[in-house]
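# Survey of secondary and tertiary structure
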Amino acid sequence: MKTQKNEKISDLREQKSPISSALDILKEVSPLSGQMVLDRILREDNPRELIHGLPQEDFFWLVKKAGDNDCLTLLEMASQDQWQYLLDMELWRKDRLNPDKAFQWLEKLNQADPDKLAGWLFVEGEAFAYFYFFKSIQVVIKEEEEVLNLDEDFISFDGVFYFRVLDKRYRETIEGILRAMAEYDLDRYQAVLLGLAGVLPAEIEEDMYRMRNIRLAEHGFLPFDEALSIYAPLDAGTISAEEPGENAHIFTDEIGRSLVPVSPLYHAGGPNLLMEAFSMITDGLLMDRIRLEFAGLCNQILSADGIMADDIEVLIKTCRKAAGYLNLTLEKLCGEDLASAERLLRDHSLVSVFRVGFGLALKLKWKSEAWLKKSWFYGHDLEFGFWGEDWGGTLTGLLEDKPRFYVGLKEGEGYKNFEELDELDACGRLINRLRVLDGLLARLTGLYPLDEAVIQSPRLTFHRLLFNFWARQLLKLEPCFSSISLAQAREFFDRIRAGKEVAPYRISEFKQKLVRDFVALDSSVEAEDAETLKATLSLIWEEFGEEYQWVSASDLDGRFTKFIRIMS
């Protein structure tokens, strides 16, 4: 018996995965949108069979890719199970059914296939039918020989049950759905209208929400409190490529494998160590397990973040987030060793690997918070913008509840989730720079007290404190952090430019002097921190030089000087 089972598993590994054709199609439609997605699907020999064979998650992705205006044909070809998943994803806002969304999707499903919708409302969607029609229509039942005096809004399909739609905006669609239900099965239609009188909407809604959560839990959508466990950090020492963990369930039948979604992993991003490790896996069963785990991981993240997956970009960003933290773990534990990375993915659940990666970012956040609480600038109630746009933005992202990496406008928005160890390392180096600079400012203001007016001045940054202090020192003025006059500012620039009269102005000769002057004022710093301070001051000087290399001294204007405060 054991030998037969092993032979069966071996056969399955040699077979081409049943999801391969679906994967090929989804790859092709990935860069497409709208009608082009539909046109590609319809070029298949049997598009209905293709759609029916898609896992529910992939069908949902496909509908989102096609868009609201071009998804009717996809809905018509879909199964009722695929409909149910789509409605579970779309209709709810926390624990409440969204009536506007419910109408929108009922209208689409009725346009796609009114008979299938009627059948669904009588069976799987019966609770939804009772709840929705209770909220949407008023029913009057005519007794035998009774003469009814009803408004013209009331209509009947059987001469017994009369109804009117409460919201005239929805009248045509709801009347069409009820007509289809009456034509599909008149007895069941009458039973639904008769049963509306006994509906307790709060109880039905609660029961629908419970059943919806049970269905979605099978796909990784856990209740919020349970889903948050995905962000419980796991120490890197708890998993390794050398110590196998508890394997996830591996499918041993074609039915199980046919349910594996492929879209989430396809949108995981890359190229990086994670995607290279995936490319090394030749075991079909293992790859299916990873696809299934990755889809569940993404869905758990959506639940924990409280995000509605009602937009294709939201889904893609969540996949990138999941893949990013997986990649962090692989880079941390495996370096560039692809074999070790592949072995780690084989032997450990993706949830555990994700938690290790997120834990790496969280540890850096905690380190930053520990410094922040005792920092000089925080003690003076200064904002993160005190450190400038880039450094302040990095600090802001790092200290979010779920740390993120500041990228400015490089990717269309200010922040993204960590994806590579280099990004974490860059943030770690920046925190060290800020720590030593903050220490320098603490010692400087201890020697030369900072006037409250300077602290309260608009657009105050550390650049202005450092360069105003140093400029005054270079000009033999009183050592403090106050503004300098426009004439003094011009004299300062003339001096550091050593008489150069044509742009671009090179000022590299004075870099070492600035570094030596500040290091000498902060002589108590430890050797390692002293090197960090020197490197940081050099970096600041380079930025200063680039800022003013094309600005002549005669064009200086206190309203636009980023590094020096000039008296107005």
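Quick caveat, the model's predicted, so the values are computed rather than measured.

## Here we look at the overall build of the chain
Looking only at helices and strands, one finds 29 helices and seven strands in the chain. Scaling as 2.2 N^0.38, a compact globule of 568 residues should have a C-alpha radius of gyration of about 24 Å, whereas the chain reaches 33 Å, well beyond that. On the principal axes, the C-alpha backbone points of the chain span a range of 110 × 75 × 40 Å. In the chain, of all internal contacts separated by at least 6 residues, the share reaching a separation of at least 24 is 73%. Approximately 27800 Å² of the chain is accessible, and the part contributed by carbon and sulfur atoms is 49%. Positive and negative side-chain charges of the chain, numbering 67 and 98 respectively, have mean locations separated by a distance of 7 Å.

## Remarks on the packing of aromatic side chains
The final tally for this structure, using the stated rule, is 39 aromatic pairs. Considering the side-chain rings of Trp387 and Phe462, the 5.3 Å spacing of their centres and the 40° angle between planes classify their relative orientation as tilted. Of the two residues, Trp387 sits in the loop between α22 (376-379) and α23 (389-398) while Phe462 sits in helix α26 (residues 462-474), which places them 75 residues apart along the sequence. The pair formed by Trp387 and Phe462 is uniform in burial state, with each residue classed as buried. Ring centres of Trp470 and Phe492 lie 5.9 Å apart, and the angle between their planes is 85°; this geometry places the pair in the edge-to-face category. One end of the pair, Trp470, is in helix α26; the other, Phe492, is in helix α27 (residues 486-496), and 22 residues separate them in sequence. Residue Phe492 is classed as buried on the basis of its relative accessible area, which comes to 0%. Taken together, the ring pairs connect Trp371, Trp376, Phe377, Phe384, Phe386, Trp387, Trp391 and Phe462 into an aromatic cluster.

## A closer look at the side chain of Asn417
Examined against the element boundaries, Asn417 turns out to sit in the loop between β7 (415-416) and α24 (421-447). Ignoring sequence-local partners within four residues, the contact set of Asn417 consists of Lys321, Tyr325, Arg404 and Glu423.

## Let's talk about a nonpolar patch on the surface
A contiguous nonpolar surface patch, about 220 Å² in accessible area, is contributed by Ile141, Val160 and Leu194. By the element assignment, Leu194 lies in helix α12 (residues 186-195). With a relative accessible area of 52%, Leu194 lands in the exposed category.

## Description of the pattern of salt bridges
For the coordinates displayed, the defined rule picks out 31 salt bridges. Across the pair Arg164 and Asp151 runs a salt bridge, and its minimum N-O distance is 3.2 Å. Highlighted residues: Arg164 in strand β5 (residues 161-165) and Asp151 in the loop between β3 (137-141) and β4 (155-156), separated in sequence by 13 residues. Note on Arg164: relative accessible area 23%, which makes it partly exposed. Using a relative accessible area of 46% as the deciding quantity, one classes Asp151 as partly exposed.

## Observations concerning unusual backbone geometry
The peptide bond linking Gly270 to Pro271 adopts the cis configuration, its omega dihedral lying at 0°. A positive phi angle, near 55°, is found at Asp381, a position not held by glycine. Within the fold, Asp381 resides in the loop between α22 and α23. The class of Asp381 is exposed, set by a relative accessible area of 67%.

## Overview of the side chain of Arg40
Topologically, Arg40 is positioned in helix α3 (residues 35-42). Polar contacts involving the side chain of Arg40 include one to the side chain of Glu44, which spans 3.1 Å. Contact partners of Arg40, with chain neighbours within four places excluded, come to Ile25, Glu28, Val29 and Leu32.

## Observations regarding the nonpolar core
Formed by 172 residues in total, the largest nonpolar core has its most connected members in Phe133 and Trp387. Those residues in contact with Phe133, other than ones at most four positions away along the chain, are Ile174, Ile177, Leu178, Met181, Val192 and Leu196.

## What to know about the sheet that holds β5
With antiparallel pairing, the three strands of this open sheet are ordered in space as β3-β5-β4. Pairing within the sheet leaves two strands with one partner each, and these edge strands are β3 and β4. Looking at chain direction, β3 and β5 are connected through five bridges and run antiparallel. The residue bridging Gln138 from the neighbouring strand is Arg164, located in β5. The strands touched by helix α10 (residues 126-136) within the sheet are β3 and β5, with β3 carrying the most contacts at an inclination of about 90°.

## Details of the pairing of β5
Residues Phe161, Phe163 and Val165 line the buried face of β5, whereas the alternating positions Tyr162 and Arg164 sit on a face that is not buried. Relative to β5, β4 runs antiparallel, the two sharing two bridges. Looking at the pairing, Ile155 lines up with Phe163 of β5. The antiparallel hairpin formed by β4 and β5 contains four residues in its connecting segment, where Gly159 sits at a positive phi of about 75°.

Analysis parameters
Counting restarts for each chain: residues are numbered from 1 in the order of the written sequence. This being a predicted model, a pLDDT of at least 70 is required before a residue's local features are given, and a value of 80 or more before pairs of side-chain atoms are given or counted; all residues contribute to the totals for chains, interfaces and linings. Processing note: side-chain calculations cover all non-hydrogen atoms of the structure and skip hydrogens and water entirely. Comment: elements are numbered from the N terminus, with helices defined as DSSP H or I runs of at least four residues and strands as E runs of at least two. Here the radius of gyration uses the C-alpha set of atoms, whereas the globule reference equals 2.2 Å times the residue count to the power 0.38. Whether two residues touch is decided by their heavy atoms; if any such pair falls within 4.5 Å, the residues are in contact. Accessibility throughout is a Shrake-Rupley quantity obtained with a 1.4 Å probe, and a residue counts as covered only by protein chains that appear here. When charges are tallied, Lys and Arg are placed among the positive residues and Asp and Glu among the negative ones, while His and the ends of the chain are skipped. Every charge is mapped to an atom, namely NZ of Lys, CZ of Arg, CG of Asp or CD of Glu. Any Phe, Tyr or Trp ring, taking Trp's six-membered ring, that has another such ring centre within 6.5 Å forms a pair; planes under 30 degrees apart are called stacked, those over 60 apart edge-to-face, and the others tilted. Under the scheme applied here, a residue whose accessible area is under 20% of the maximum for its type counts as buried, over 50% as exposed, and between as partly exposed, the area being computed with a 1.4 Å probe on protein chains only. Here the term patch refers to residues with relative accessible area over 30% and no salt bridge, with like charges joined within 9 Å and nonpolar side chains (Val, Leu, Ile, Met, Phe, Trp, Tyr) within 5 Å. We count a salt bridge whenever a side-chain nitrogen from Lys or Arg sits within 4 Å of a carboxyl oxygen from Asp or Glu. Definition of a polar contact: a pair of N or O atoms within 3.5 Å, with one able to donate and the other able to accept a hydrogen when the atoms are protein atoms, and with sequence-neighbouring residues admitted only if both atoms are side-chain atoms. In plain words, nonpolar cores are sets of buried Ala, Val, Leu, Ile, Met, Phe, Trp, Tyr and Cys residues tied together by side-chain atoms within 4.5 Å. We treat two strands as partners when DSSP finds at least two bridges between them. Axis geometry follows a simple rule: fit a line to the C-alpha atoms, using only the stretch in contact for helices, then measure angles between N-to-C directions, giving values from 0 to 180 degrees.

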